[in-house]
Amino acid sequence: MLRSIAVVFAMLGSLIASAAAQEPSRSECLAMANAPPRATPVSLRRLAAKAEEVTITYAGHSTYYIDTPGGVRIATDFSGAYRTGRLPDVITMNRAHSTHYTLFPDSRIPHVFHGWGDDGQPAKVAQRVGDVYIRNVTTDIRRYFGDDSNAEMIRDGNSIFIFEVAGLCIGHLGHLHHKLDESHFAAIGRLDIVMVPIDGSYTMSLDGVSDITRRLRASVVLPMHRFVTPLDDFMRKIGQQFEIDVRSERTLKISRDSLPGAPTVIILDGV
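Quick look at the structure, then.

About the criteria used
- Residues numbered from 1 in each chain as written.
- Predicted model: local features only at pLDDT ≥ 70, side-chain atom pairs only at ≥ 80, totals over all residues.
- Heavy atoms only, no water.
- Disulfide = S-S within 2.5 Å.
- Helix = DSSP H or I, 4+ residues; strand = E, 2+ residues; numbered from the N terminus.
- Buried < 20%, exposed > 50% of the residue type's maximum accessible area, 1.4 Å probe, protein only.
- Pairing = 2+ DSSP bridges.
- Salt bridge = Lys/Arg side-chain N within 4 Å of Asp/Glu carboxyl O.
- Contact = heavy atoms within 4.5 Å.
- Core = buried A, V, L, I, M, F, W, Y, C linked by side-chain atoms within 4.5 Å.
- Axes fitted to C-alpha atoms, helices over the stretch in contact; angles between N-to-C directions.

### Quick word on the state of the cysteines
Each disulfide is one covalent bond, formed between the sulfur atoms of two cysteines. Using the criterion set out here, one finds one disulfide in the structure. Across a sulfur-sulfur distance of 2.0 Å, Cys 29 and Cys 169 are joined as a disulfide pair. Between Cys 29 and Cys 169 the sulfur-sulfur dihedral comes to about -100 degrees; the bridge is accordingly left-handed. Taken together, the residues Cys 29 in helix α2 (residues 28-34) and Cys 169 in strand β9 (residues 168-172) connect sequence positions 140 residues apart. By relative accessible area, Cys 29 is classed as buried at 1%.

What follows is the structure in structure tokens.
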């Protein structure tokens, strides 16, 4: 009898564990954004207490490498053209043009996330890889280059990718081509660090991206697509409430505890 009861409990435990494993991971950054003021989810308080550092390296164009405390390496808008250090474990892509994606990534990269849907449906990324939770928010994208408001748009053709790790909410706007509405901001939630294209033409106007940057209210802004717009123009657009920190190195080490007290644009070396 006791043996039968033990077997039943073991089976129940297995079923519960299996169900838990199938449940999607929960976004802590959305929980923080929707929580009452000054309330922080317990898991993020625990992570923040460890003061674990995330390493962010600017490789060029729109590619940043994010190295997590748990050893996961991520490359954003990965085409293979901008490389630094070891091969990434995770790559995200957007299909604006060939410097933002590759259809033939190295087969040794285990996690490849497209910012566009491959089956006629919007891309849906909500996956934990090691110590980082990765999700996306889709936006539309033009079929043609340049800031042409009359160009045909591909619905859900671009993704804003969000990386949640070590108590930090890190966003990459991708090849953003239009203003964000309230539903976008709600889906993005809280961002501590945001990577923003500042070219002013290939993605969207400098006025438009500056408005988005102010609205997101991230502690750290990391510009990308820096080959056209003078940095001074971007700084004038986003306003005096942002400080500027120009670095001579490509790499930034940052933790929840070391976020700047005032919103800061950090310029890492590179183009």
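### Some points on the pairing of strand β14 (residues 264-267)
For a regular strand, side-chain orientation follows a simple rule: the groups alternate between the two sheet faces. Of the two faces of β14, the one carrying Thr 264 and Ile 266 and the one carrying Val 265 and Ile 267 are both buried. Summarising the sheet, strand β11 (residues 220-224) and β14 pair through two bridges and their orientation is parallel. Each bridged residue has a counterpart across the sheet, and for Val 221 the counterpart in β14 is Val 265. Taken together, the four bridges between strand β12 (residues 243-246) and β14 define a ladder with parallel strand orientation. The residue of β14 that forms the bridge with Val 246 is Ile 267.

### Looking at the pairing of β11
Taken across its five residues, β11 has five buried, putting it largely inside the fold. Here five bridges tie strand β10 (residues 193-197) to β11, and the two strands are oriented parallel to one another. Opposite Pro 197, over in β11, you have Met 224 as the bridge partner.

### A look at the pattern of salt bridges
All chains considered together, the criterion is met by eight salt bridges. Between Arg 86 and Asp 89 there is a salt bridge; the shortest N-O distance is 2.9 Å. Linking Glu 182 and Arg 215 is a salt bridge whose minimum nitrogen-to-oxygen distance equals 2.9 Å. Of this pair, Glu 182 sits in helix α4 (residues 182-188) while Arg 215 sits in helix α5 (residues 206-216), and the two are 33 residues apart along the sequence. Look at Glu 182 and you get exposed, because its relative accessible area is 52%. We classify Arg 215 as partly exposed; its relative accessible area is 33%. Here the residues in one salt-bridge network are Arg 190, Asp 192 and Arg 256, joined through shared partners.

### Regarding the side chain of Thr 68
Within the secondary structure layout, Thr 68 lies in the loop between β2 (63-67) and β3 (73-75). When neighbours within four sequence positions are excluded, Thr 68 is seen to be in contact with Ile 74, Asp 131, Val 132 and Val 165.

### What about the nonpolar core?
Ranked by internal contacts, the top residues of the largest apolar core, which has 29 residues, are Ile 134, Ile 170, Ile 193 and Leu 222. Counting only elements with at least two residues in this core, the list comes to β1 (54-60), β2, β7 (132-142), β8 (153-165), β9, β10, β11 and β13 (251-254). Listed in part, the 25 residues of the second largest apolar core include Val 137, Leu 216, Ala 218 and Val 265.

### Digging into the sheet that holds β13
The six strands are arranged β5-β4-β3-β2-β1-β13 in an open sheet whose pairing can be described as mixed. Bordering the open sheet on either side are β5 (111-114) and β13, each of which pairs with just one other strand. Across the sheet, the mean angle separating the axes of adjacent strands is 15 degrees when strand polarity is ignored.

### What about the environment of Glu 152?
Inspection of the secondary structure puts Glu 152 in the loop between β7 and β8. Using a relative accessible area of 45% as the deciding quantity, one classes Glu 152 as partly exposed. When the C-alpha atoms of Glu 152 and Ile 141 are compared, they prove to be 8.5 Å apart, with eleven residues separating the residues in sequence.

### A word on the environment of His 61
Mapping His 61 onto the fold places it in the loop between β1 and β2. Note on His 61: relative accessible area 10%, which makes it buried. Note: C-alpha distance between His 61 and Pro 223 (162 residues apart in sequence) is 9.6 Å.

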